Amino acid sequence: MPSVSPNRPAAIFSPSRRGVLRGAGLTAGGLLIGLALPPAARGQTAVSVPLVARLNAWLHIGRDDRITFLIDRSEMGQGAHTGLATLLAEELDVDPMKVVIRNAPADKAYRNVYMIKSMLSGGKAESLSGLPLWGLEQLGRLIGQQVTGGSTSIRGGFDSLRRAGAEARFRLVQAAAERWKLPAGECDTADGMVLHKPSNRSLSYGALADTAAALDAPNVPVLKPRSAWRLIGRHDKRVDTLDKINGNADFGLDVREPEQLFAAIRWAPAFGALLKTLDDRAALAQPGVKAVVPLADGFAVVADNTWRAMQACDAVTAEWNRPEVDGGFDDAMLWRRLNAMVDTEGKEAHKAGDVDKALGVAATVISADYRLPFLAHATMEPMNATVRVGPDGVDVWAPTQAQTMAQKAAAAVTGVSEDRVRIHTTYLGGGFGRRAEADFIAVAATVAKAMMGKPVQVMWPREQDMRRDFYRPAALHRVKLGLDAQGRLVAWKHALASPSIMKRIFVATTWLGPDETAIEGCLDNTYAIPSTALKYVSVDTPVPVGFWRSVGHSHSAFVKESLIDEAAHAAKQNPLDYRLQLLASRPRHRRVLELAAEKAGWGSPLNEGQGRGIALHESFGSIVAMVVQVTMRDGDVAVDRITIAADAGTVVNPAIVQAQLSGGAIFGLSAALHGKVTLKDAAVQEGNFDSYRVLQMADTPPIDVHLVDSEAPPGGIGEPGVPPVAPALTNAIFAASGKRLRALPVVV
């Protein structure tokens, strides 16, 4: 049976040998390899460090042959733990299923430098070198956070984890060679053993670990050539499957600590409303209720179980100070505001050629507004965290994507220093960017502080979860396209108005230019268009916004790929052929597009009422094309099939990549067909899955995924499956019905 870690980690804060070993649950003695995810500088290798060092992750080989990997990436179903273990195991010559995963604590050493580099370079960090790359790395170490997001886990760990495995293998071979008094070059490794085949001798890694730990590390570990890979590109078993099947996996809501209490939240009825008065006498009289804790814009009821806490919330009488500004904010006001501001000055994000001149002489001009609504994350596991505040510090058990922010939030609320806040990361029942926030940590810490010494699990009931989110920003795109007499695209003028995520999180970044998370994917030079211009207008609303799976790409792909289809139709050309002409200098993009079309049977006959749509989009280092086939009946749309082709660079775990692309398509299709947050009086009207619909199994079409064999660096995969599905869907609807849809969700 595979050796899979229990998911709940022990806390690790002491930099001492005893603290590291005890906290990680490791066997004393053995070989410990420190590694950075990603490397602190270009070309840096994972090096051996004393146990007192504080690095991103630790590889431990114990005398009992147990291999333990302490890793800082959160597992939320995307397969990061399996992928990272595969990289390590490839060079170490062990079965990834025998690598025990432990979640890392919150610590400055675990900053996701790769994510910062990617964000600040517009996703082009891989193409940089020299001083620009060095500068990004320095800035990344300065402002980076310990966070899982941006589809960066495999991209950030691909080199450093293989180097760590190679270094460990080198030392183990050296140790065996010294013991046998043989040249190291005569030794091999396999299945956690060092072998000397001529003499039929072998030693386990555990037997060699102590000796290996005392040896010098190689200056540059020698990595296996691609031709020698046994796992990368082939291994598909997940390290977390067994625990999730047998119930051993701990998600946030599974946390149970001695003397634990439970709390439910009730939020103010509108954004900006604050708690005015609170009458909790009836609630406190109910069985099992321990306390009612007021919050600035809500309250929590603490009880001996979750059900009693939820029921007691209804017994609390609260009055609210409603906001004077935007108190009546609704959908109509939202679109009036966006429409009024999209034509204002804004911030120039991109300019090439003279777009106004090109539009002035264009044979055909297409003017279009595209509208996309606010969207909720709707994670299957509601927001929750368990916190204990005691004299020895603060413990936080949470399904979090952002350990640094969680630590800071708990410290700020409880008044303790950050180094006394211990973060225990559980599995996440869906993240999608929502759990990169720290609001649920701060709330849980506030409630736990009121119950000093008792661990309190604070859970947001589904209706409260849905109505107190950080939503995908609504957006209005106003675009003009110019075509010449031959139908070729010669001009693209693009204006985008939406609330800014970065303005909320880190306003200083918006002083330097437009919010990159808003404009990403709008004009990324995928298609060859001579004259282009893009501006962004940040629009304030009372609705809090945040990162939603694929972020800006979730709306920019819909607009861009829908408009390419509009241009093809105006030029009286096949949408596939039209795209291929614009991709003459992009062989990777062409290959992906052609593969999707081929596998979908593009151009083959369809029945009456059927249509196919195609879309292509690059995001997070991966290129994805989709063909959606639909059937229209009496104005209703049924999705018959989705065909996906992708170039995700070097693929580590093919089945996980295919699953993520399929899952991303389903996630994006749910939003395209049904997703919409409706506002009335500054309040979200949707409260559960009956009103905020997601795709059900009966409505989910067959999905075929085809991967291009690529030797490019690994691309991200958790998010790139989302953006192309909406435009492929609406392009298919146009092909079937002749009706062009410029707003989501789909209304036929």
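Residue numbering note: each chain is counted from 1, following its sequence as written. In keeping with the model being predicted, local features are shown solely for residues with a pLDDT of at least 70 and side-chain atom pairs are shown and tallied solely at 80 or more, while totals for entire chains, interfaces and linings include all residues. The basis for the side-chain values is all heavy atoms of the structure; hydrogens and waters are excluded.

A. Quick look at the overall build of the protein chain. If you tally the helices and strands in the protein chain, you get 22 helices and 27 strands. Burial classes: relative accessible area under 20% of the type maximum marks a residue as buried, over 50% as exposed, and values in between as partly exposed (1.4 Å probe, protein chains only). Counting all 748 residues of the protein chain, 59% fall into the buried class. Any two residues whose heavy atoms approach within 4.5 Å at even a single point are treated as in contact. By sequence separation, contacts in the protein chain at least 24 residues apart represent 77% of the contacts at least 6 residues apart. Note on areas: Shrake-Rupley with a 1.4 Å probe; residue coverage comes only from the protein chains shown. Of the accessible surface of the protein chain, which amounts to about 28,900 Å², a share of 53% is contributed by carbon and sulfur atoms. Every helix listed is a DSSP run of H or I at least four residues long, and every strand listed is a run of E at least two residues long, numbered separately from the N terminus.

B. Here's a closer look at the sheet that holds strand β6 (residues 193-196). Taken together, three strands build an open sheet; the order of strands is β5-β6-β7 and the sheet is antiparallel. The open sheet has two edge strands, β5 (188-190) and β7 (201-204), and neither has a second partner. Neighbouring strand axes in the sheet, compared pairwise and without regard to direction, differ in orientation by 30 degrees on average. Inspection of the sheet shows β5 paired to β6 by three bridges, in the antiparallel sense. A pair of strands is treated as paired once DSSP finds two or more bridges between them. Only the stretch in contact is used when fitting a helix axis, every axis being a line fitted to C-alpha atoms; angles between N-to-C directions are given from 0 to 180 degrees.

C. Expanded view of the nonpolar core. Residues belong to a common nonpolar core when they are buried Ala, Val, Leu, Ile, Met, Phe, Trp, Tyr or Cys residues joined through side-chain atoms within 4.5 Å. Ranked by internal contacts, the top residues of the largest apolar core, which has 75 residues, are Leu-481, Leu-489, Trp-492, Tyr-578 and Leu-729. Examining the composition of this core, we find that eight residues originate from one element, strand β23 (residues 622-633), more than from any other. Beyond its immediate chain neighbours, meaning those up to four positions away, Leu-489 contacts Leu-481, Gly-482, Leu-483, Ile-529, Pro-530, Ile-564, Ala-567, Tyr-578 and Leu-582. Among the nonpolar cores identified, the runner-up in size contains 39 residues, and Ile-61, Trp-180, Leu-208 and Ala-212 belong to it.

D. Just helix α2 (residues 80-92), in detail. What a helix is expected to span follows from its residue count: subtract one and scale by 1.5 Å. The terminal C-alpha atoms of α2 lie 18 Å apart, and with 13 residues this matches the ideal 18 Å at 1.5 Å per residue to within 8%. In the stretch just after α2, Asp-93 is the one whose phi turns positive, near 60 degrees.

E. Looking closely at unusual backbone geometry. At the junction of Leu-744 and Pro-745, the peptide bond is cis and its omega measures out at 0 degrees in the coordinates. Looking at where Pro-745 falls in the secondary structure, it is placed in the segment after α22 (725-737). Positive phi, normally seen in glycine, also occurs at Asp-93, with a value near 60 degrees. With respect to the secondary-structure elements, Asp-93 resides in the loop between α2 and β4 (99-103).

F. Expanded view of the sheet that holds strand β13 (residues 347-352). Spatially, the five strands line up as an open sheet ordered β13-β21-β20-β19-β14, and their pairing is mixed. This sheet does not close on itself; its edge strands, each paired only once, are β13 and β14 (364-372). Across the sheet, the mean angle from the axis of one strand to that of its neighbour is 10 degrees, orientation sign disregarded. Pairing analysis gives five bridges linking β13 to strand β21 (residues 531-538), with the strands arranged antiparallel. Paired with Lys-347 across the two strands is Tyr-536, which belongs to β21. Helix α18 (residues 553-570) contacts β14, β19 (475-483) and β20 (489-498) of the sheet and is inclined by roughly 150 degrees relative to β14.

G. Molecular detail of the packing of aromatic side chains. Between the rings of Phe, Tyr and Trp (Trp by its six-membered ring), a pair exists once the centres lie within 6.5 Å; its type follows the angle of the planes, with under 30 degrees stacked, over 60 edge-to-face, and the other angles tilted. Inspection of the entire model under this criterion finds seven aromatic pairs. Seen in terms of ring centroids, Phe-251 and Tyr-427 are 5.6 Å apart; in terms of plane orientation they differ by 40 degrees. Their pairing is tilted. Here Tyr-427 lies in the loop between β17 (421-425) and α13 (439-450) and Phe-251 lies in the loop between α7 (241-246) and β8 (261-267), a separation of 176 residues in the sequence. Measuring from ring centre to ring centre gives 5.1 Å for Trp-267 and Trp-460, while their planes differ by 70 degrees; the resulting arrangement is edge-to-face. Separated by 193 residues along the polypeptide, Trp-267 in strand β8 and Trp-460 in the loop between β18 (456-459) and α14 (462-467) bring together distant segments of the chain. With respect to class, Trp-267 is no different from Trp-460; both count as buried. Grouped by ring-pair contacts, the aromatic residues Phe-432, Trp-548 and Phe-667 constitute a single cluster. Across the ring face of Trp-335, the terminal group of Arg-371 is positioned such that the distance to the ring centre comes to 4.5 Å. Between the NZ or CZ atom of Arg-740 and the centre of the ring of Phe-734, over which it lies, the distance is 3.8 Å. By definition, being over a ring means that NZ of Lys or CZ of Arg is both within 6 Å of the ring centre and within 35 degrees of the ring normal.

H. Quick look at the pairing of β4. The element β4 is extensively covered by neighbouring structure, given that five of its five residues are classed as buried. Strand direction decides the pairing type here: strand β3 (residues 67-71) and β4, joined by five bridges, are parallel. In the sheet register, Ile-67 faces β4, and the bridge partner there is Val-99. When the strands point away from the viewer and the connection leading from the first strand across the helix to the second strand turns clockwise, the crossover is called right-handed. Regarding the hand of the β-α-β motif, the stretch spanning β3, α2 and β4 is right-handed.

I. Local environment of the pattern of salt bridges. The salt bridge definition used is simple: a Lys or Arg side-chain nitrogen within 4 Å of an Asp or Glu carboxyl oxygen. A full pass over the atoms with the stated rule returns 39 salt bridges. Of the charged contacts, one joins Arg-434 and Asp-439 as a salt bridge, the two residues approaching to 2.9 Å between their closest N and O atoms. A residue is classified by how much of its surface remains accessible, and Asp-439, at 18% relative accessible area, is buried. The salt bridge involving Arg-740 is made with Asp-565; its shortest N-O contact spans 3.9 Å. With Arg-740 in the segment after α22 and Asp-565 in helix α18, the pair connects residues that are 175 residues apart, well separated along the chain. Both residues of the pair, Arg-740 and Asp-565, count as buried. Within the structure, one salt-bridge network assembled from shared partners comprises Lys-560, Glu-561, Asp-565, Arg-579 and Arg-740.

J. Structural context of the side chain of His-235. Note on placement: His-235 falls in the loop between α6 (205-213) and α7. In this structure His-235 touches Thr-82, Thr-86, Asp-95, Pro-96, Met-97, Val-652, Asn-653 and Pro-654, once residues within four positions along its chain are discounted.

K. Helix α10 (residues 331-341), seen in detail. Inspection of α10 places Asp-331, Leu-334, Trp-335 and Leu-338 among the buried residues, and these make up the whole buried set. One side of α10 carries all its buried residues, which in axial view fall inside an arc of 90 degrees. Of the exposed residues in α10, the ones pointing more than 90 degrees away from its buried face are Arg-336 and Ala-340. On its buried face, α10 sits against β14, β19, β20 and β25 (679-680). Any pair of N or O atoms that falls within 3.5 Å is considered a polar contact. Within protein, one atom must be able to donate a hydrogen and the other to accept it, and sequence-neighbouring residues count only if both atoms are side-chain atoms. For α10, the side-chain oxygen to backbone nitrogen distance between the N-cap and Ala-332 is 3.3 Å, and the N-cap itself is Asp-330. The arc in question is the one traced by the directions running from the helix axis out to the C-beta atoms.

L. Main features of the packing of α18 against α22. Interaxial distance between α18 and α22 falls to 8 Å at its minimum, and their mutual angle equals 30 degrees. Between α18 and α22, the angle falls in the class roughly parallel. Here the hand of the crossing between α18 and α22 comes out right-handed. On α22, the residues touching Ala-557, Phe-558, Glu-561, Ser-562, Asp-565 and His-569 of α18 are Ala-726, Pro-727, Thr-730, Asn-731 and Phe-734. Residues are sorted three ways: Asp, Glu, Lys and Arg are charged, Ala, Val, Leu, Ile, Met, Phe, Trp, Tyr, Cys and Pro are nonpolar, and all the rest, Gly among them, are polar. Each residue belonging to the contact of α18 with α22 can be placed in one class, and the counts come to five nonpolar, four polar and two charged. Relative orientations are named as follows: roughly parallel for angles under 35 degrees, roughly antiparallel for angles over 145 degrees, roughly perpendicular for angles from 65 to 115 degrees, and oblique for any other angle. By definition, any crossing whose near helix is turned counterclockwise from its far helix by less than a right angle is left-handed, and any crossing with a clockwise turn is right-handed.

M. Looking closely at the environment of Thr-517. Mapped onto the fold, Thr-517 is located in helix α17 (residues 516-519). Since its relative accessible area comes to 10%, Thr-517 is described here as buried. Those residues within four positions of Thr-517 in sequence are excluded, and the remaining contacts are Ile-501, Met-502, Phe-547, Val-551 and Gly-552. Among the polar contacts made by the side chain of Thr-517, one reaches the side chain of Asp-515 at a distance of 2.6 Å.

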